[in-house]
Amino acid sequence: MSWQESGWQMGVVSDARAIGAMQVLPSTGRWMEGYAGRPLDLRRLGDNATAGVLLLEVLSRHTNRRTHKIAAYYQGLGAVREHGLYDETRAYVDNVAAIKQRLEAGRPPA
């Protein structure tokens, strides 16, 4: 996920203001603080990764399909449920799956 989101770069801030390697929105970071049980500084790698992983865990509670979990990280769970996967989201999910396969095979992500 992190490679797809930012190329593992912490300095990336999106047009939507998502921050860091996992591209976590500040509002999502505040939400994930409740799951972490502590404040999270999304500009710190450990906290950014924690927020992203916690979000994936929350999404996993709402869908058993890996495709939908990845899609919900990108598109939002409500939008996935209401509209299905947008074409752009399908490409995102396919890219994440390809990155996973390359990494599992011991190859670089890109």
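All values derive from a computational prediction rather than experimental measurement. (Residues numbered from 1 in each chain as written. Predicted model: local features only at pLDDT ≥ 70, side-chain atom pairs only at ≥ 80, totals over all residues. Heavy atoms only, no water.)

**Student:** Can you walk me through the nonpolar core in this structure?
**Tutor:** As a rule of thumb, soluble globular proteins bury nonpolar side chains together. Counting residues in hydrophobic clusters, the biggest one holds 22 residues, and the most contacted among them are V24, M32, A51, L59 and Y73. Elements with a minimum of two residues in this core: α3 (45–60), α4 (66–75), α5 (77–83) and α6 (87–104). Per-element accounting of this core gives the leading share, six residues, to α3. Contact partners of V24, with chain neighbours within four places excluded, come to R17, A18, I19, G29, L42, N48, A51, G52 and Y73. (Core = buried A, V, L, I, M, F, W, Y, C linked by side-chain atoms within 4.5 Å. Buried < 20%, exposed > 50% of the residue type's maximum accessible area, 1.4 Å probe, protein only. Helix = DSSP H or I, 4+ residues; strand = E, 2+ residues; numbered from the N terminus. Contact = heavy atoms within 4.5 Å.)

**Student:** Got a minute to help me understand the packing of aromatic side chains in this structure?
**Tutor:** The way to describe two aromatic rings as a pair is by their centre distance and the angle between their planes. Using the criterion set out here, one finds three aromatic pairs in the structure. Judged by centre distance (6.3 Å) and plane angle (75°), the rings of W31 and Y35 are edge-to-face. Placement of both W31 and Y35 in helix α2 (residues 26–36) is noted, with a separation of four residues, approximately one turn of the helix. Plain terms: the ring middles of Y74 and Y92 are 4.2 Å apart, the flat faces sit at 20° to each other, and that makes the pair stacked. (Phe/Tyr/Trp six-rings, centres within 6.5 Å; stacked < 30°, edge-to-face > 60°.)

**Student:** Is there a simple way to think about the layout of surface pockets in this case?
**Tutor:** If you roll a probe as big as a water molecule over the atoms, it shows you where there is empty space left. Reported here for the largest pocket is a volume of approximately 400 Å³. Taken together, 22 residues form the lining of the largest pocket, with E5, Q23, Y73, Y74 and Q75 sitting closest to its centre. Contributions of two or more residues to the lining of the largest pocket are made by α1 (2–6), α2, α3, α4 and α6. Estimates place the volume of the second largest pocket at around 270 Å³. Among the secondary structure elements, those contributing two or more residues to the lining of the second largest pocket are α4 and α6. (1 Å grid on protein atoms, 1.4 Å probe; cavity = no way out; pocket = protein on both sides within 12 Å on 5 of 7 lines; lining within 4 Å. Points joined across faces, edges and corners; volume = space filled by probe spheres on them.)

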